[in-house]
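Working through the structure, step by step
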Amino acid sequence: MFRKTTNKLSDWMTSLSSSRACKILAPLAPIAFALLLSACSSGHPRDTLNPAGDGAEVSAWFFWLYMIIDSVIFVVVLGALAVAIMKFSKKKDDDGSLPPQSHGNMKLEIIWTVIPTLIVLVLGVITIGGVFKLAEKPAEEQKIIDIEVTGKQWWWEFDYTKERITTANEMHVEAGTQVALHLTSADVIHAFWVPRISGKRDATPGRSYPLYFKPFEAGEFVGQCAELCGASHARMGIKMIVHPAEGPDSYDAWVKNQQTVALAPKTDLQKAGKKVFETKGCAACHTIKGVKELATRSRSTGPDLTHVGARTTIAALALKNNEENLAKWVKNPQAVKEAALMTNLNLSDTDSKAVAAYLFSLK
Ligand code: HEC
Ligand SMILES: [Cu+2]
């Protein structure tokens, strides 16, 4: 039974693959597939072809430039191949003599050397122009948001040095304002990538690489570490929050709030949580401004928690930020994120819940 079916199947496939139409159409399958994929991608949060920043716009422009030119070449070459197959395949009345040979034809040789060289040269020059445009240092006389970015296993630290703000994983910027990132790493090589805003840039220990971009629409844009960096690389997300220039949700309002010291606990549970933070070893790795500040930072130092309650996610987007998830995280970080560099301090349920209530109140 099985044999019969497979025989039938293979017969069918042989007849299909030897049919003329199939021979000609098969090479077009990748194009159809690519078109299908690009149609699927609309509306996705990491869609490089739906730019919301100038860096991503340059990349998308190059994608389409290459896509169009290469598609034309593809169709021309395949068209010629199809014509050749149909016109020159062995006919019934073939007498076995060779068709005219073009080997050594100087004119043809020159044509098919010069045309590809020109195409590659032109594309090369345009591409180098794009590379320079992306690397261009922004003019000084405009508002620039400077952020020192440190990749750490497995989260991102953002220092706004002028504003004296330190935060983690969720980067806040302003629509229409130039941003200058200065990327480095505290351990291994990571790569910063928010696909709708700009291209990737490596974060390498001992070096500082710039990444310039200007987001042009307000909203939230997700990104991801784009360089395999260890066990929890996949859980090293980024969120870029682009604020409107004005209004209650403006970038300036965010900055003002971040510059304040931590709110005092109000409820008894929050007060108990603050005690947990101060007495159970958390302060060895975390700063809460107004409570305890680390004098130095090291590889295993954790995120600044002064305004952790104001974040929408924790642990580099591994969890949504709420009291329940905060308690889950502090109780057993490695259960959420493999090999996370935060020590499991074996907190009791009561202590975890209290510290979660306190941290979530730090807006
Ligand atoms: C050995 C240093 C260390 C100790 C001790 C430590 N943490 Fe952490 N903590 C970290 C690191 C590192 C991270 C980042 C982990 C990641 O996202 O991969 C972190 C992340 C966090 C986060 C998530 C913050 C964010 O914005 O994503 C919270 C909340 C937190 N720690 C609370 C605590 C509490 C409460 C304690 C004490 C019970 C504590 N930590 C003890 C190192 C530490
Ligand atoms: Cu990574």
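Residues numbered from 1 in each chain as written. Chains lettered and ligands numbered in written order. Predicted model: local features only at pLDDT ≥ 70, side-chain atom pairs only at ≥ 80, totals over all residues.

A tally of helices and strands in the chain yields 10 helices and 12 strands. The globule rule puts the C-alpha radius of gyration for 363 residues at 21 Å, and the 29 Å found for the chain is more than 25% above it. Classification of the 363 residues of the chain by burial places 29% in the buried group. Partitioning the contacts of the chain with sequence separation of at least 6, the portion at a separation of at least 24 is 65%. (Helix = DSSP H or I, 4+ residues; strand = E, 2+ residues; numbered from the N terminus. Rg over C-alpha atoms; globule rule 2.2 N^0.38 Å. Buried ≥ 20, exposed ≤ 12 C-beta atoms within 10 Å, placed from the backbone. Contact = placed C-beta atoms within 7 Å.)

Between Gln-153 and the following residue, Trp-154, the backbone shows a cis peptide bond with an omega angle of 0°. Assignment of secondary structure puts Trp-154 in the loop between β1 (144–152) and β2 (155–160). A positive phi angle, close to 75°, is found at Leu-317, a residue other than glycine. Within the secondary structure layout, Leu-317 lies in the loop between β11 (313–314) and β12 (319–320).

Turning to the sheet that holds strand β3 (residues 165–168), a few remarks are in order. One open sheet holds the 5 strands; their spatial order is β3-β2-β1-β5-β8, and the pairing between them is mixed. Two strands bound the open sheet, and with one partner strand each, they are β3 and β8 (209–213). If you compare each strand with its neighbour and ignore which way they point, the axes differ by 25° on average. (Pairing = 2+ DSSP bridges. Axes fitted to C-alpha atoms, helices over the stretch in contact; angles between N-to-C directions.)

Okay, the sheet that holds strand β9 (residues 219–224) next. The 3 strands lie next to each other as β4-β10-β9, forming an open sheet whose pairing is mixed. Single-partner strands in this sheet number two, and they are β4 (170–174) and β9. Shown here is a sheet whose adjacent strand axes are inclined to one another by a mean of 25°, direction ignored. For β4 and strand β10 (residues 237–243), the ladder comprises 5 bridges, and the chain directions are parallel. By the bridge assignment for β10, Glu-170 is matched with Lys-239. Contacting β4 and β10, helix α6 (residues 251–258) crosses the sheet at an angle of about 135° to β4.

A few words now on the domain arrangement of the chain. Here the chain is partitioned into domain 1 (26–78 + 107–245) and domain 2 (268–360). Between the C-alpha centres of domain 1 and domain 2 the distance comes to 32 Å. Facing the 19 residues of domain 1 at the interface are 15 residues of domain 2. Of all the elements in the fold, those that place two or more residues in the side of domain 1 that touches domain 2 are β2, β3 and β10. (Domains from an automatic or database assignment.)

Our focus in this paragraph is the site of ligand 1. Residues in contact with ligand 1 amount to 32 residues; listed here are only the nearest, Trp-155, Cys-282, Cys-285, Gly-302 and Met-342. Elements supplying a minimum of two residues to the shell around ligand 1: α8 (323–331) and α10 (349–360). Examining the composition of the shell around ligand 1, we find that 3 residues originate from one element, α8, more than from any other. The class makeup of the residues in the shell around ligand 1 is 23 nonpolar, 6 polar and 3 charged. Here the shell around ligand 1 gathers at least three residues from each of two domains, domain 1 (26–78 + 107–245) and domain 2 (268–360). (Near = placed C-beta within 6 Å. Nonpolar A, V, L, I, M, F, W, Y, C, P; charged D, E, K, R; others polar.)

All right, on to the nonpolar core then. Phe-192 and Leu-359 are the most contacted members of the largest nonpolar core, which has 57 residues in total. For this core, the element with the most residues is α10, which contributes 7 residues. Of the residues that make up this core, three or more belong to each of domain 1 (26–78 + 107–245) and domain 2 (268–360). Those residues within four positions of Phe-192 in sequence are excluded, and the remaining contacts are Val-149, Leu-181, Leu-183, Lys-200, Arg-201, Ala-203, Leu-211 and Ile-238. (Core = buried A, V, L, I, M, F, W, Y, C linked by C-beta atoms within 7 Å.)

On to the pairing of strand β5 (residues 178–185), then. Residues of β5 alternate between two faces, with Val-179, Leu-181, Leu-183 and Ser-185 buried on one and Gln-178, Ala-180, His-182 and Thr-184 left unburied on the opposite face. Relative to β8, β5 runs antiparallel, the two sharing 5 bridges. Each residue of the ladder has a partner; that of His-182, found in β8, is Pro-210.

The next thing to look at is the environment of Ala-340. Turning to its location among the elements, Ala-340 is positioned in the loop between α9 (333–336) and α10. Since 23 C-beta atoms lie within 10 Å of it, Ala-340 is described here as buried. Separated by 122 residues in the primary sequence, Ala-340 and Ala-218 place their C-alpha atoms 32 Å from one another. When sequence neighbours within four positions are dropped, the list of residues in contact with Ala-340 reads Ser-232, Pro-333 and Gln-334.

This next bit is on helix α7 (residues 268–279). Along its 12 residues, α7 runs 16 Å from first to last C-alpha, staying within 8% of the 16 Å computed at 1.5 Å per residue. Within α7 the residues assigned to the buried category are Gln-270, Gly-273, Lys-274, Val-276 and Phe-277. Summarising the axial view, the buried residues of α7 lie within an arc of 155°, below the 170-degree limit, and thus occupy one face. Across α7 from its buried face, at more than 90 degrees, point the exposed residues Asp-268 and Thr-279. Positive backbone phi, approximately 100°, marks Gly-281, located one or two places after α7. (Expected span 1.5 Å × (residues − 1). Arc of directions from axis to C-beta.)

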